[in-house]
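Now for the letters of each chain:
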Amino acid sequence: MRVRTYALVFVFILILILPSCSKESNVQNSASGPVSGSDILLLNAAVSSDEQIIQIPAKETFPGMTITVPQGTFPESGSINVSYSDADLSLLGEGYELLTPVIHIDTGTGPLSQPVELSLPINLPDGRTALAFYYDSDIESFEAIPSGFDDDGNFKIIAAHFSDILIASVLTDLLIGNINTDFQVGRDNMQIANDLTYIAPDGMCHGMAEATLFYHFALRPTLGTLYGRYDNYQHDTDGFAIDDVGLIRLCAELQNEAAWGSSYSFISDNKQRGQLEQWYMICFAMLRSGKPQLLAITQGEWGDLKYGHALIAYRAEGNRIYVADPNFPDNSGLYLEMDLDNKKLELYKGDPLVSYDHVYLIGNTALYDIDRVADMFAELHDGSIGDGNHPTYIIYEIMTDASGNEVKTPLKDQHFASSDTLKLRLESSEVTGNLTAYSADCQIIATAAPGETLEIPLTQAETPVGFLIEDWKAAGTSIWVDFKWITVLKAEVEKWQSTITITEIYPGAQMSAEEMGLYMGYNETEILYLKWAPIRKVYSLLDSGSNALLELQVNDDLTLYGQYVLAANDAETMSQSVYGSLNDFENRTSITGYAVVTSSVDGDICKLDLLMTRLEE
C-alpha cells in the first residue's frame, strides 16, 4: 500500500535513517581511523542549545568546513571537538580517490536530537562520483552518509551522530555494472506488507525499512533469517501477515517515533541535484560498503511532492538497481531503472497506482538513535512492544438472561461460550471500525460494522478464532488496530448422575398411612444430561433429543431454581420445582438440593431430596 503525504511532512519523513549494526558496533565517537599521521586539532569549543554556525578555516591538507547546528540540537551546555588525520590512500583500492583527510568529530554524547549539516569546498574531477562515508577501522567498514553537492558547488553532509568521516570519489564508469550485497528478498526482508495502522495511519514503509536493516546488520548473525522470524506467536499462520502483531507494532512505532530534525533545509537546498548523481551515489554506497541501502522514492520533486515511499537497494546490474519494496515482500524482481542518456529515472513499476520519478540515497545509520531501535527490538522479544500506545477496546459476548436483559461478558482466551452461536460486539471509546472473525485456516467467517453484533457458529468443542480490529480513516479507509487469536470452548453436553429420595409426603398426595410408609425413603438413581451456559448462568436439563426440559438458573450465591412440567392434560398439570446449590462453581462438580412435585388439582404432593454428581467422560 503506498504512502500519501503532503510535501513538507514527507520531506521530514525522509530522514528515517536505519540504525547501525548494534549498540556495541555503533560508530559514535570511534577513536581511531585510517590515519598515516598524528591528529591535527581544528576545533575544541563549547556549544549551547541555540542555533549555531561554526566556521573552521582551511589548514594544510584540510579544505575547511562549515558546521550548521539547528536550535535544540545540543543541551544547554555541550562541546564539540574536531580534528583530522592524513588518510592512507591505499585504503580504497584502484579507481577510488580520497577527497579529504579523515575527519574526527566528537560531540561527547550519543545521537543528537537533530541532524547537523557539514559543508566543505570540494573539487570533484570530471568522470567521478563523490560520497561521504563513516569509516570504522576496527572492522574496516565503510558506511554511506547522506551527502552531495549543492547548487553552489559545496559538498554537504547531514548526520545526527559522528565519528570518523571521509569523503571519497570513484570513477563513474565503475558504477555501471554488477554490484552485489548479501541481502536477499524472501530471506532478509519481512513477511508482512506495508499497511495503514492506528499508530502510523499513512503507512509504515520507513519503519519497516529501518527495522529490516537494523535486523540485517545487528541481529541476523545470531537470530538468522528475518522473513518469517516474527510470525504470530500464538497461532501457526505462515503466509497470513495481519496477525503478526509484534512486528507490525514495531514498524509502526519506529515510523511514529522518527525525529525529523533540520534535514528539511538540507533536502530542499539540494533539490536541484540531478537524479543521475543520486543514482551513482546509491551504486557507490553499495559498491564500497557491500551493504544494502535505504532509499526514498517520490512522485514529484521536493517542492511539489505528491507521494513518497521507502525502498531498500541491494543489487545493481547495468542501469538497474534492484530493490526490496515493503509493499511487496515476496517480489524479488522489482527494480529502479535509469535512463543514462537523458539522466532521468524511469517511472518505477512496482506500484501501478503511483508514478514515482525521483530517487534519493538516505543511508543506513546517520540519522537514527540506534540504541532506541535496539531497545524496541528487545520490547518485541519480551512482548511489550507498543504497550500503552494503542487504543483500548473490549470484545464482548452478548446474551440475554432469563428476564430478557442483555448480558455482556468480555471475551478472553479459552472462552467458554454460552450457546452454540457466539454473538460478539466490539466496544471502544477510541476505535470505530469493523470487527472481522477468521477461522483457523485464516478465512473470513464474518464481519460486523461498528455497533453491529457478529455471530459465529460453533461446531467443535474447541474453535480457534482470529479477530481483526480496525478503525476508520477519512473517506472510509480502514486501518489496522490489532489482531487476537482466541480459543473458544463450546458448551458441551455434560453427563450427570442424579439420585432422588422421597423425604416428605404432603396431604395433597391423598395417600393412606400404609402407602406413605411404603414410599417414604424411596430413592432412585438415573443418568441425566445437562448443558452449561456460563454467561446466562443457566444449566439446561435435556431430553433424549437434546431439547431443554428444565433451566436451572444459578444466582450469585450459587443457588439454583427451576421448574418444568412433568405431565399435563385437560384436567390436571403435574410439575416439579427444583431448588438447590451448585458446589464448586469453577469445576461444577455437584448439585445438592430438593424438588417439590405439585399438582394443579391437589397442590403439593411430595418433597424429594436431590443429589447430582457430574461424571467425567
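Residues numbered from 1 in each chain as written. Predicted model: local features only at pLDDT ≥ 70, side-chain atom pairs only at ≥ 80, totals over all residues. Heavy atoms only, no water.

Participant: Break down the overall build of the chain for me, with residues and values.
Facilitator: Helix and strand counts for the chain stand at 7 helices and 37 strands. Expressed as a percentage of the 617 residues in the chain, the buried residues total 53%. In the chain, the proportion of contacts linking residues at least 24 apart, taken out of those at least 6 apart, comes to 66%. As displayed, the chain offers around 26,800 Å² of accessible surface, 47% of which is attributable to carbon and sulfur atoms. (Helix = DSSP H or I, 4+ residues; strand = E, 2+ residues; numbered from the N terminus. Buried < 20%, exposed > 50% of the residue type's maximum accessible area, 1.4 Å probe, protein only. Contact = heavy atoms within 4.5 Å. Areas by Shrake-Rupley, 256 points an atom, 1.4 Å probe, with all protein chains shown as cover.)

Participant: Run through the sheet that holds strand β29 (residues 478–489), naming residues and quoting values.
Facilitator: Pairing is mixed across the open sheet formed by 5 strands, whose spatial order is β23-β29-β28-β25-β26. The open sheet is flanked by β23 (415–416) and β26 (444–448), the only strands paired with a single partner. Pairing analysis gives 4 bridges linking strand β25 (residues 435–438) to strand β28 (residues 462–472), with the strands arranged antiparallel. Residue pairing in the sheet places T436 in a bridge with L468 of β28. (Pairing = 2+ DSSP bridges.)

Participant: Any details on the sheet that holds strand β11 (residues 147–149)? Residues and values, ideally.
Facilitator: Read from one edge to the other, the open sheet built from 5 strands follows the order β3-β4-β8-β12-β11, with strand pairing classed as antiparallel. Looking along the sheet, the strands with just one partner apiece sit at the ends: β3 (52–56) and β11. Averaged over all pairs of adjacent strands, the angle between their axes in this sheet comes to 20°, without regard to strand direction. (Axes fitted to C-alpha atoms, helices over the stretch in contact; angles between N-to-C directions.)

Participant: Let's hear about the packing of aromatic side chains: which residues, and what values?
Facilitator: We describe a pair of aromatic rings using the distance from one ring centre to the other and the angle between the two ring planes. Counting across every chain of the model gives 21 aromatic pairs. Considering the side-chain rings of Y135 and F142, the 4.8 Å spacing of their centres and the 55° angle between planes classify their relative orientation as tilted. For the pair shown, Y135 and F142 are each scored as buried. Put simply, the rings of Y96, F133, Y135, F142 and F284 touch in pairs and so form one group of aromatic residues. R320 extends its terminal NZ or CZ atom over the ring of Y335, reaching a point 4.0 Å from the ring centre. (Phe/Tyr/Trp six-rings, centres within 6.5 Å; stacked < 30°, edge-to-face > 60°. Lys NZ or Arg CZ within 6 Å of the ring centre and 35° of its normal.)

Participant: Would you mind going over helix α2 (residues 205–223) in detail, with residue names and values included?
Facilitator: Between its first and last C-alpha, α2 extends only 23 Å over 19 residues, short of the 27 Å set by a 1.5 Å rise per residue. When the local axis directions of α2 are compared, the greatest deviation, roughly 50°, occurs at F217, which is followed within four positions by the proline P221. Extensive coverage of α2 is indicated by the burial of 15 of its 19 residues. Backbone geometry just downstream of α2 places G224 in the positive-phi region, at approximately 85°. (Expected span 1.5 Å × (residues − 1). Bend = angle between axes of the 7 residues up to and from the residue.)

Participant: Kindly report on the environment of T436, identifying the contributing residues and their values.
Facilitator: Tracing the backbone through its elements, the reader meets T436 in strand β25. Overall, T436 belongs to the buried group, its relative accessible area being 4%. It is 8.7 Å that separates the C-alpha atoms of T436 and A449, two residues lying 13 residues apart in sequence. At 3.2 Å, the side chain of T436 forms a polar contact with the side chain of T447. (Polar contact = N/O pair within 3.5 Å; in protein donor to acceptor, adjacent residues only side chain to side chain.)

Participant: How would you explain the nonpolar core if you had to name every residue and give the values?
Facilitator: Ranked by size, the top nonpolar core spans 41 residues in total, and within it I321 and L336 carry the most contacts. Of the residues forming this core, the biggest block, 9 residues, is contributed by helix α5 (residues 275–289). Other than its neighbours up to four places away in sequence, I321 contacts W279, I282, C283, M286, A313, R315, A316, L334, Y335 and L336. (Core = buried A, V, L, I, M, F, W, Y, C linked by side-chain atoms within 4.5 Å.)

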